[in-house]
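Here is how the chains run, residue by residue.
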Amino acid sequence: MIFKLVGDGRPYPEHGLTSREWAQIPPRQVRLDSLITTKAMLDLHSLLAADSTFYGDLFPHVVQWQGELYLEDGLHRALRAALHQRSILHARVLELPGQGR
């Protein structure tokens, strides 16, 4: 199994962070098998494109909410890491306040 769960949608509240605000969060290591995706579908063109990280953030965006880690942006980067036999990737993690489980 690559991810903890394949989800379809964002169960956490809207955070409203801009790209610039995401860039202020330092990346940290995250295990792929601890992530819940927020997208169930992936465009193969995005996954296989040589410049797929050229226009966006170099690091995936993860939202930590209620004790879970949700992969909000960067699904193609996470899958590339898995295809290269890596179990950890560097991501920017936003911690949202919420009730713990």
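Residues numbered from 1 in each chain as written. Predicted model: local features only at pLDDT ≥ 70, side-chain atom pairs only at ≥ 80, totals over all residues. Heavy atoms only, no water.

A.B. asks: Help me out: how do you make sense of the packing of aromatic side chains in this one?
C.D. replies: Geometry of an aromatic ring pair is reported as the spacing of the ring centres plus the angle between the planes. Within the structure shown, the criterion is met by one aromatic pair. Ring geometry for Y12 against Y70: centres 5.5 Å apart, planes inclined by 50°, an arrangement best described as tilted. Of this pair, Y12 sits in the loop between β1 (5–6) and α1 (19–23) while Y70 sits in strand β5 (residues 68–73), placing them 58 residues apart in sequence. Both residues of the pair, Y12 and Y70, count as buried. (Phe/Tyr/Trp six-rings, centres within 6.5 Å; stacked < 30°, edge-to-face > 60°. Helix = DSSP H or I, 4+ residues; strand = E, 2+ residues; numbered from the N terminus. Buried < 20%, exposed > 50% of the residue type's maximum accessible area, 1.4 Å probe, protein only.)

A.B. asks: Is there a simple way to think about helix α3 (residues 75–83) in this case?
C.D. replies: Within α3, seven of the nine residues are buried, leaving the element largely enclosed by the surrounding structure. Among all positions of α3, only L75, H76, R77, A78, L79, A81 and A82 are buried. Q85 occupies a position one or two residues after α3 and carries a positive phi of about 65°.

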